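Listed below are the residues making up each chain.
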Amino acid sequence: MGLFDGLGSVLTDVLQGKDVNLGAVATQMFENAGGLDGVLSQLHSAGLSEQVASWVGTGENLPVSAEQIQQALSSTQLQNLAKTFGVDLSEVPTLLAQYLPKAVDAATPNGTLPS
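What you see is a predicted model; the values in this text were computed from it and never measured.

(A) The overall build of the protein, seen in detail. A count of helical and extended segments in the protein gives seven helices and zero strands. Counted from the first residue to the last, the protein has its helices and strands arranged as α-α-α-α-α-α-α. In the protein, 62% of the contacts between residues at least 6 apart in sequence involve partners at least 24 apart. When the accessible area of the protein is evaluated, it comes to approximately 5900 Å², of which 46% is carbon and sulfur surface.

Quick look at the structure:
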């Protein structure tokens, strides 16, 4: 579940109506997944290369759907995330689809991967 460990607090905050510090979440999430390169590699492998490129770039972020997130993750990962975040399993892909692009974008503010 390493890629998404850092999203626990952001999803909890979102569900409670709190502001979200995406930069901090992204940093924690990427550290837990072998760095930003590890995160992007996993997403590329899941067929989300075009979306990831837009999140890293300086232009507008392409959306990712809950269905794409659900296909990219195993049912075990989704179940673990739901348990970790304390949300219904059906909510996890939607929340990730909404916040994962923003987290990647926040981690690459100049449109380039940090060295």
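(B) Seen up close, the side chain of Gln 51. If you trace the backbone, Gln 51 turns up in helix α4 (residues 49-56). Each residue touching Gln 51, except ones within four places of it in the same chain, is listed here: Leu 62, Pro 63 and Gln 68.

(C) Geometry of the side chain of Thr 108. Looking at the secondary structure, you find Thr 108 in the segment after α7 (92-107). Engagement of the side chain of Thr 108 in a polar contact is seen with the backbone oxygen of Val 104, the distance being 3.0 Å. If near-sequence neighbours (up to four positions away) are discounted, Thr 108 is found in contact with Leu 36, Trp 55, Val 56, Leu 113 and Pro 114.

(D) Inspection of the nonpolar core at higher detail. By size, the foremost hydrophobic cluster in this structure holds 18 residues, and its most contacted members are Val 52, Trp 55 and Ile 69. Of all elements in the fold, only α3 (35-45), α4, α6 (75-85) and α7 reach the threshold of two or more residues within this core. When residues in this core are grouped by element, the largest group, five residues, is from α7. Ignoring anything within four residues of it in the chain, the contact list for Ile 69 reads Val 64, Pro 93, Leu 96, Ala 97 and Leu 100.

(E) Examining the environment of Gly 111 more closely. With respect to the helices and strands, Gly 111 occurs in the segment after α7. Given the relative accessible area of 23%, Gly 111 is considered partly exposed. Setting aside chain neighbours within four positions, we find Gly 111 in contact with Val 56, Gly 57 and Thr 58.

(F) Local environment of the environment of Ser 54. As for its position among the elements, Ser 54 is in helix α4. Judged by relative accessible area, Ser 54 falls into the buried class, the value being 12%. Taking the C-alpha atoms as reference points, Ser 54 and Val 104, separated by 50 residues in sequence, lie 9.7 Å from one another.

(G) Representation of α7. A rise of 1.5 Å per residue sets the reference length of α7, with its 16 residues, at 22 Å; its end C-alpha atoms lie 21 Å apart and thus fit the reference within 8%. Its maximal kink placed at Tyr 99, α7 deviates by approximately 30°, while the proline Pro 101 follows within four residues. Among the residues making up α7, those that are buried are Val 92, Pro 93, Leu 95, Leu 96, Ala 97, Tyr 99, Leu 100, Pro 101, Ala 103, Val 104 and Ala 107.

(H) How the structure looks around the confidence of the model for the protein. Mean pLDDT over the protein stands at 76; residues scoring 70 or higher make up 64%. Looking over the protein, one finds the lowest element-wise mean pLDDT in helix α2 (residues 22-31), namely 55, and the highest in α4, namely 94.

(I) Focus on the environment of Leu 48. As for its placement among the helices and strands, Leu 48 is situated in the loop between α3 and α4. Leu 48 gets classed as buried once you look at its relative accessible area, which sits at 2%. Once residues lying within four places of it in the same chain are set aside, the contact partners of Leu 48 are Leu 43, Val 64, Gln 68 and Ala 72.

The rules we used
- Residues numbered from 1 in each chain as written.
- Predicted model: local features only at pLDDT ≥ 70, side-chain atom pairs only at ≥ 80, totals over all residues.
- Heavy atoms only, no water.
- Helix = DSSP H or I, 4+ residues; strand = E, 2+ residues; numbered from the N terminus.
- Contact = heavy atoms within 4.5 Å.
- Areas by Shrake-Rupley, 256 points an atom, 1.4 Å probe, with all protein chains shown as cover.
- Polar contact = N/O pair within 3.5 Å; in protein donor to acceptor, adjacent residues only side chain to side chain.
- Core = buried A, V, L, I, M, F, W, Y, C linked by side-chain atoms within 4.5 Å.
- Buried < 20%, exposed > 50% of the residue type's maximum accessible area, 1.4 Å probe, protein only.
- Expected span 1.5 Å × (residues − 1).
- Bend = angle between axes of the 7 residues up to and from the residue.
- pLDDT = per-residue confidence, 0-100.

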